[in-house]
Every structure is written in C-alpha cells, then in structure tokens.
There are 2 protein chains.
Amino acid sequence: MCAMKPSIPKGTRDFSPAEMAKRNYIFDTIRSVFRLYGYNPIETPAMENLSTLMGKYGEEGDKLLFKILNSGDFLRGADPKLIADGDCARLASQLCEKGLRYDLTVPFARYVVQHRNELQMPFKRFQIQPVWRADRPQKGRYREFYQCDADVVGSDSLVNEIELLQMIDEVFRRLKIRIILKLNNRKVLAGIAELIGAPDKIVDITVAIDKIDKIGLDNVNAELAERGLTEEQIATLRPILQISGTLEERLGRLRELLASSEEGMRGVEELQTVVDGVMALGLDAELDLDVSLARGLNYYTGTIIEVKAADVAIGSITGGGRYDNLTGVFGMPGLSGVGISFGADRIYDVLNTLDLYPSEARTATRVMFVNFGGKEAAAAMKMLKEMRAAGVAAEIYPDPAKMKKQMGYADALAIPYVALVGETEAAEGKLNLKDMATGEQRLLTPAEAVAVINTL
Amino acid sequence: MCAMKPSIPKGTRDFSPAEMAKRNYIFDTIRSVFRLYGYNPIETPAMENLSTLMGKYGEEGDKLLFKILNSGDFLRGADPKLIADGDCARLASQLCEKGLRYDLTVPFARYVVQHRNELQMPFKRFQIQPVWRADRPQKGRYREFYQCDADVVGSDSLVNEIELLQMIDEVFRRLKIRIILKLNNRKVLAGIAELIGAPDKIVDITVAIDKIDKIGLDNVNAELAERGLTEEQIATLRPILQISGTLEERLGRLRELLASSEEGMRGVEELQTVVDGVMALGLDAELDLDVSLARGLNYYTGTIIEVKAADVAIGSITGGGRYDNLTGVFGMPGLSGVGISFGADRIYDVLNTLDLYPSEARTATRVMFVNFGGKEAAAAMKMLKEMRAAGVAAEIYPDPAKMKKQMGYADALAIPYVALVGETEAAEGKLNLKDMATGEQRLLTPAEAVAVINTL
C-alpha cells in the first residue's frame with residue numbers, strides 16, 4: 001500500500017455538495033414535470049450485454065463503448081490469431097461480454113421487449129441515469145454523464161408529441177431558461193428527397209442540410225454537389241431551405257412546395273397538428289419550424305424536436321423525436337414510440353452562465369449547535385433531537401473545539417443559525433439562537449427556535 | 001441487425017415503476033434522515049482508476065473488481081509472456097486502467113484526499129450510488145447494488161457515533177422495521193487478545209469469534225485451537241464470550257475482565273460513553289453489546305456497529321464503525337472517521353417480507369382523462385393544463401381508443417380518478433370526475449376537481 005496522489009479517470013467528475021445541490025435542482029425539476037405528465041420511472045443496469053449494445057450506434061459508436069473484461073480466465077475464448085494480429089477491435093468482443101450503457105434509448109428498447117408481457121401499453125416511462133462514452137474528453141463533453149429521458153411507446157397519437165413539447169416548455173419555464181423549440185418531421189425530409197428526385201439520397205441530403213446553421217447555404221450546396229446531387233437538384237432544394245415568414249406562412253409554403261409528395265404532405269400535416277395543438281394550449285418557448293433539422297435521422301421516422309437556449313451559445317440542450325421501429329432490432333416490430341432527452345450537463349452550464357440557480361445553499365443544515373462539551377453538550381443534544389423531530393435539519397459541532405473554529409465551520413457551510421447552550425441556558429432548557437446574517441441573538445425554547453427558523 | 005431475445009447480464013436487475021416506487025421510498029427515507037443530521041451529498045464516478053481500487057479489498061476483492069478494457073489498441077502495453085502463460089490476473093492490469101467502484105468507502109477516501117484543500121473539516125458526507133462486484137450471483141446477492149453511506153471525517157468525538165446511532169434508529173423507525181442495534185469496539189477486541197496473551201492473534205481471534213452466532217461456541221473454540229491458541233488461552237476467552245445480563249451488567253463485567261488491558265479499558269469506556277449518550281436521548285431500537293462482533297476488522301479501529309432486523313432472518317441490514325487511517329493509503333494519514341452503510345437491497349427484502357410498504361402506488365398519476373378525440377380531446381387538454389398547473393399529476397389517454405381499453409389502462413395503473421369530457425362537458429368547461437374506487441361520478445370544474453383529488 002504505497003502513498004500516491006489519487007485522481008479519477010479523465011472525462012469523469014466528482015460532485016461536491018454544492019455541485020450536487022445544483023444538479024439535484026435540475027434533476028428534481030425534470031423529474032417533477034415527468035411525473036406531472038404521467039411518466040413513471042424505471043432503471044436499467046449500468047452494464048448491458050455487448051450483444052445488446054453493439055451495432056446500435058454505428059461503427060464509431062461501437063468503438064466508443066466501454067467494454068468490461070470478463071472475469072477469471074478471460075483469455076480462454078480468445079482467438080490466438082487475433083492476438084497475434086493485434087486485432088483489438090475484434091478481440092475485444094471475445095474478451096468482453098458486457099459493456100456500459102451508451103445511452104438510455106437502446107436499454108429502454110431492450111427493456112420493453114424483455115418485459116413486454118408485464119407492460120401496460122401505452123407505456124410512459126422516464127429514466128434519469130448516467131451513460132458512458134469513450135469519447136475524447138473536452139470542454140462540456142464527459143465520459144460519464146447523465147441523460148434524462150421520457151418516452152412513450154405503443155401509441156402513434158400526436159397527442160404524445162404535443163404533451164412532450166409542453167413538458168419541455170414547462171421544464172425550462174421552471175428553470176427560467178428562455179428557449180427556442182425547433183420542430184421538423186422526417187416525412188418532410190423524405191418528401192424533399194422525393195421532390196428533387198433523389199429519394200435514395202435522403203441520408204446524404206439531411207446530413208448536409210443539418211449543417212446549414214454551422215457552415216451556411218453555399219457550403220451546404222457544395223457538400224450536396226460532392227455527395228452527387230446535380231445542379232438542378234440543388235436548385236430545387238434552394239427554395240425549401242430558404243422558406244421564411246411566420247410559422248403559419250412557412251407551413252403554407254412547405255405545403256405548396258411538397259404538394260406532389262404524399263409522404264411529404266403527411267409530414268406537413270403532422271407538423272400542423274402538433275403546432276396547432278401546442279399553440280392552442282399556450283407555450284412560453286419560441287416555436288420554430290426548421291426543415292434543416294435532422295438529428296440522428298437513422299431512427300427518427302416522424303416528428304423531430306430540438307431545443308436551443310435563447311441566451312447562451314451552446315449546442316442543443318434537449319432533443320427527441322418519433323421512432324417507429326426502435327424495438328424491431330430486438331424482435332418486436334411495429335411498436336411506435338416518441339421521446340425526449342434532456343442534456344443535464346449542458347443545462348447545468350447554461351444555468352451557471354446565466355447565474356440562474358435559486359440560492360447557493362451549501363448545506364441543508366438550518367442550525368448548528370456550538371459544542372461546549374460535558375453537560376452543556378448533552379443538553380444541546382436533547383434540544384437537537386426535539387428540533388430534528390420537528391423537521392429542522394440541524395447538527396452539533398462534534399468536538400468541544402475553540403469557539404472560533406466552530407463558528408468558522410458554520411460560516412464556511414453558510415449555516416443560517418447557530419445555537420448556543422451554555423450552563424445557564426441548559427438549566428433553563430433554552431438556547432441562544434444567533435442569526436448569522438444579522439448577528440441578532442435571542443433566548444428561545446427549542447420549539448420557539450423551530451418557529452423562527454421555519455419562517456426564514 | 002438480427003432479431004434476438006434480449007436479456008441483461010446475470011446478477012443485474014431492471015427496476016419497473018412499481019419497484020422504483022418501493023426503492024425510492026427507502027432511498028428518500030434514508031436521504032431525509034441524513035440531511036436532518038447535517039450530512040451533505042456527494043457523488044463520485046462509477047469508474048475509478050484501478051490503482052485506486054486494487055489492494056484495498058484483499059486478494060479476493062481484487063478478483064471481484066469489474067475491470068474496463070482500455071480503448072483502442074489495448075494490446076500495446078500487454079506483456080506477451082503473460083499472454084503466452086495465460087496469466088489473466090496479472091494481464092488484466094495491463095489491459096485495463098479503470099474499474100467499476102466496489103464500494104463507496106474507498107472512493108470516499110480518495111475523494112477526501114484529492115479534494116482536501118476544498119473541504120471544511122469535519123466533513124460530513126452521504127453518498128447513495130450503485131457499486132459493482134463480480135461475485136457469484138445468488139438470492140439476495142447482486143453484481144450491481146446500491147449502498148447508502150454516511151461518514152464524517154476529521155473528528156474523533158464520540159458525538160459522531162451517538163448521532164450515527166440515532167440516525168440508524170430514526171431510519172428504521174420511519175420504515176417501521178424493528179431492529180437490534182449491536183455494538184462493539186475494536187479496542188475491546190484488542191484488549192481481549194492482550195488478555196489471553198495473544199495480541200498478535202487478534203485477527204484470528206476475531207475472525208473465529210465473529211462466527212459464534214452461526215456455528216456456536218464449541219465450533220469457535222475448535223477453530224481457535226486450529227488457529228494456534230492453547231487450551232489455556234481458549235479457557236481465558238470463554239467467560240468473555242459468555243458475558244450476559246443487562247447492558248450495564250455486561251459493560252461492568254467487561255470492565256472487570258479487561259482491567260489489566262489499557263487498550264481494552266479504553267474500548268469499554270468508549271462503549272460506555274456511546275451507550276450513555278444514546279440512552280439519554282432515547283432509542284426505539286433494542287441496543288445490544290456483542291463482543292463477538294468484528295466486521296471488516298482490518299479497517300475499523302474503534303466503535304463497531306451492526307444492525308439486524310428483529311422480525312426477519314436475514315444478514316445484517318446496516319453496518320459501520322470508526323476507522324482511524326482510511327485515507328492513509330492515499331497519502332493522508334491521521335484522519336479519523338466514522339460511518340454507517342445501509343444495505344438498501346436487504347432492507348427492500350425486509351419491507352417486502354413484512355409487507356410494510358405504505359401503498360402500492362403504481363403511478364404518480366392522480367387522474368386520467370378519457371380521450372374522445374377531436375374537440376373533446378382538445379377541451380380535455382386545456383383542463384389538463386389547468387390541473388397540472390395546480391400540481392396534480394394527470395394524463396390523457398393518447399389515442400381515442402375504445403372506452404373499455406382506456407378504462408383498462410387506468411385500472412391497470414391503479415389511477416384513482418378518471419375524467420370524462422364529452423360534448424356537453426366541453427361546452428360547459430366542466431368534466432365528469434369518476435372515483436375509480438367507489439364508481440361515484442361528479443360534474444365539476446377543473447378547479448373543483450383539483451380540490452377533490454387533493455383531499456384523497
């Protein structure tokens with residue numbers, strides 16, 4: 001056991017009590033809204049079978065999975081040729097049966113299929129758990145981070161979309177973050193591809209136009225040309241990417257442009273229903289139609305949702321959409337679902353940037369009893385018990401240390417009240433309650449002190 | 001993407017909404033009590049550097065660590081000789097830099113040392129997070145399970161012990177589980193070893209006498225003989241293991257027997273102080289002195305705590321103790337700490353066995369609106385918004401499905417109220433609120449419905 005300077009793996013974090021308070025503020029807000037809308041929590045294991053995870057996030061994703069070395073004689077199943085060749089990618093699957101979950105969506109799909117006989121459909125679940133990715137760590141990107149997902153499966157009603165948008169609106173209203181709620185529909189994207197006569201190029205088109213915000217229209221067009229679109233096709237696409245006006249005007253224009261595509265028109269109608277639905281109920285957020293919005297298109301099949309903070313330049317802070325075949329890969333086809341995912345870490349950064357945390361409580365403790373030792377400490381502990389029974393978070397400095405040290409502790413933890421129980425107070429069954437903000441001091445019974453503390 | 005029957009790694013579990021409700025009941029109870037006593041939350045990463053974890057849990061523990069395969073070319077640092085020899089134990093450390101945490105104590109020690117300059121001492125923290133062990137799964141033993149720890153470091157005052165015992169008492173009082181709170185002190189154990197003239201045999205002695213409940217005095221004596229104790233030493237030990245009477249009588253008898261051992265006497269005095277302290281404040285739990293209690297002796301140095309359920313035959317459901325050198329291994333000697341750990345999974349089993357869960361709420365939802373589609377659904381959604389704004393968890397069945405199906409959903413989720421908004425109700429801005437328990441139905445405004453639902 002040698003002494004060493006301890007550290008944690010790069011891309012991971014410790015959370016101090018002060019950071020936990022901020023994070024719990026976010027999680028509690030999201031959780032309350034999820035519950036308010038009838039979503040119920042589930043949890044899945046940190047480790048999934050690699051067979052569940054592999055192939056679900058593309059080739060790049062497979063590489064970013066944290067894999068867990070089999071216990072015991074892990075070399076037994078390993079092909080010596082792969083070892084000799086140094087073929088780590090293929091060897092990993094022989095040394096490891098399990099991996100850490102990469103997101104909450106695939107474990108949820110696995111959960112739904114595995115427990116299909118116990119589930120009441122439509123099944124509305126939320127899940128707030130960490131995920132792990134062997135990404136290169138950088139500012140705002142971690143190897144362990146939390147996702148906060150709400151999904152409903154077993155219903156293709158657009159009521160779900162409307163409610164999920166209301167939930168997003170409510171979460172950010174409570175957090176006091178102004179947002180822009182961007183909407184699109186994958187059927188609109190398919191309609192566009194059909195319109196320009198390149199239905200097989202839908203992935204290329206959406207990958208390219210998804211970058212319009214970042215690289216501008218000209219560069220997107222250059223990329224489209226590179227991906228094999230003709231000048232004519234690019235020209236047909238242009239008016240769609242340049243649609244402007246109010247939400248109603250833009251939906252109207254899209255309806256004109258996509259008139260010839262049945263699928264495109266269905267997408268427009270879905271957008272119209274969702275927009276009408278949320279507008280009728282009222283929304284704090286700014287609603288935006290963005291035909292360049294694609295997000296993980298490979299599994300979204302209908303509505304696509306993305307949220308940006310209006311006052312902070314940061315990537316999307318929430319996203320989601322409808323997927324019609326998420327569980328198909330696990331042998332349960334035809335189950336439609338729609339969901340949203342809040343990015344807790346980015347929301348944390350936004351709240352920090354805008355200084356929107358309610359109060360800098362560094363502890364739940366409302367009052368600290370000074371420890372004078374002996375009988376006085378024993379009397380203080382009796383009063384402590386009474387005040388705790390009344391629900392007041394309270395503590396006694398454990399050691400009868402110097403007054404300055406004890407007060408320094410209360411100060412450092414921003415504990416709002418200090419209670420002093422000396423010989424006289426102990427005899428009377430009272431305490432001197434000191435308000436740390438004003439310095440005011442009052443002789444009170446524990447019950448009176450509870451009343452004072454609770455009015456803060 | 002082939003279809004397959006999905007599953008999860010053995011020894012891990014999914015938690016359904018119903019199970020989550022029960023688990024959260026336990027976690028919330030523990031968390032509230034931790035906060036009430038001035039303990040603040042921290043979280044540490046799931047992954048720690050293997051150098052932090054290895055060698056802290058004994059040779060057996062090292063084998064039970066889940067190790068994470070390095071990303072990319074993990075074979076680069078591997079010694080070909082170890083591969084050729086099939087020396088998996090040593091090879092694992094070359095293929096893996098990280099492991100999943102095995103408990104919360106070692107990560108906490110690492111945290112304290114790493115952040116020592118930011119911490120206000122005494123530092124009172126709690127931590128509720130999962131841990132992972134590659135143990136052979138069996139009934140009640142999982143490879144992923146939660147620990148709920150509270151520890152204070154930087155204070156050697158016995159006030160901490162007294163408060164931790166009060167916390168244990170309060171948690172189980174709230175959970176309505178009757179417990180036996182067993183106490184011992186490692187200095188008493190050291191005194192016993194000294195008394196029988198075998199101070200170097202303290203580990204052997206405690207390992208053997210720790211089994212007295214399971215195997216009986218005769219078998220313990222046989223084991224002690226096997227471990228090299230003479231007949232005379234075993235005879236000296238006998239009266240200590242057979243101490244009986246009230247707590248006071250037993251402490252008195254121990255004081256007589258250990259009179260010649262300075263360390264032993266210090267242990268008795270510590271026990272006396274702790275017992276007097278908690279008795280003065282009152283305890284629901286039955287307090288027991290158990291000199292055969294040893295628990296992970298290798299790091300406990302003072303008080304040792306163990307909790308058994310009085311009405312269910314199951315292992316210990318909470319444990320803890322004082323350790324004087326936990327952070328020494330990370331280069332920070334001389335920091336005393338004391339802590340307790342609640343075993344959430346066993347507590348879960350106890351509550352299930354005794355049927356002590358408050359209510360079988362399968363969802364937070366208080367009311368489900370039946371979906372009649374069209375304008376009625378739109379009117380219902382407006383009422384929904386109003387009721388949610390008043391804090392009522394509510395939902396609308398997303399599809400305008402057959403009445404029977406919608407009611408079946410509300411029934412399956414045990415939602416207490418169903419709201420019906422047909423054409424007439426929609427025109428009046430009212431809803432028909434049906435109490436699912438009584439079948440009673442009332443025409444109400446949303447505000448009136450909120451009042452009714454909240455009185456339940």
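Glancing now at the pattern of salt bridges. Residues and elements named next belong to chain A. For the structure on display, the rule yields 50 salt bridges over all chains. The salt bridge partner of Asp85 is Lys81, with a shortest N-O separation of 2.8 Å. Placement of both Asp85 and Lys81 in helix α4 (residues 80-85) is noted, with a separation of four residues, approximately one turn of the helix. In this structure Asp85 comes out as partly exposed when scored by relative accessible area, which is 49%. The partner of Lys182 in a salt bridge is Asp290, and the shortest N-O contact between them spans 3.3 Å. Of this pair, Lys182 sits in strand β7 (residues 179-185) while Asp290 is found in the loop between β8 (286-289) and β9 (303-309), placing the two residues 108 residues apart along the sequence. With respect to class, Lys182 is no different from Asp290; both count as buried. Taken together, the shared-partner salt bridges in this structure form one network comprising Asp204, Lys211, Glu223 and Arg227.

A word on the nonpolar core. Leu95(A) and Leu95(B) are the most contacted members of the largest nonpolar core, which has 274 residues in total. Listed in part, the 14 residues of the second largest apolar core include Trp132(A), Ala134(A), Ala46(B) and Phe66(B).

On to the interface of chain B and chain A. On the side of chain A, 105 residues touch chain B, which itself brings 105 residues to the contact. Together chain B and chain A conceal approximately 8600 Å² of surface at their shared face, both sides included; 62% is due to carbon and sulfur atoms. Applying the counting criterion to the chain B and chain A interface returns six salt bridges. Here Arg388(B) makes a salt bridge to Glu163(A), at a shortest N to O gap of 3.0 Å. When the residues that make up the side of chain B that touches chain A are grouped by side-chain class, the tally is 55 nonpolar, 28 polar and 22 charged.

Residues and elements named next belong to chain A. What the eight strands build is an open sheet, ordered β1-β5-β6-β11-β10-β9-β7-β8; its pairing is mixed. Since the sheet does not close on itself, it has two edges, and those belong to β1 (40-41) and β8, each with one partner. Bridge analysis of strand β6 (residues 144-153) against strand β11 (residues 337-343) gives seven bridges, and the strand direction is antiparallel. In the sheet register, Val153 faces β11, and the bridge partner there is Gly337.

Cut-offs used in this document
Residues numbered from 1 in each chain as written. Chains lettered and ligands numbered in written order. Predicted model: local features only at pLDDT ≥ 70, side-chain atom pairs only at ≥ 80, totals over all residues. Heavy atoms only, no water. Salt bridge = Lys/Arg side-chain N within 4 Å of Asp/Glu carboxyl O. Helix = DSSP H or I, 4+ residues; strand = E, 2+ residues; numbered from the N terminus. Buried < 20%, exposed > 50% of the residue type's maximum accessible area, 1.4 Å probe, protein only. Core = buried A, V, L, I, M, F, W, Y, C linked by side-chain atoms within 4.5 Å. Contact = heavy atoms within 4.5 Å. Buried area = accessible area lost by both parts, 1.4 Å probe. Nonpolar A, V, L, I, M, F, W, Y, C, P; charged D, E, K, R; others polar. Pairing = 2+ DSSP bridges.

Read these as layout, nothing more, since geometry by itself doesn't imply function.
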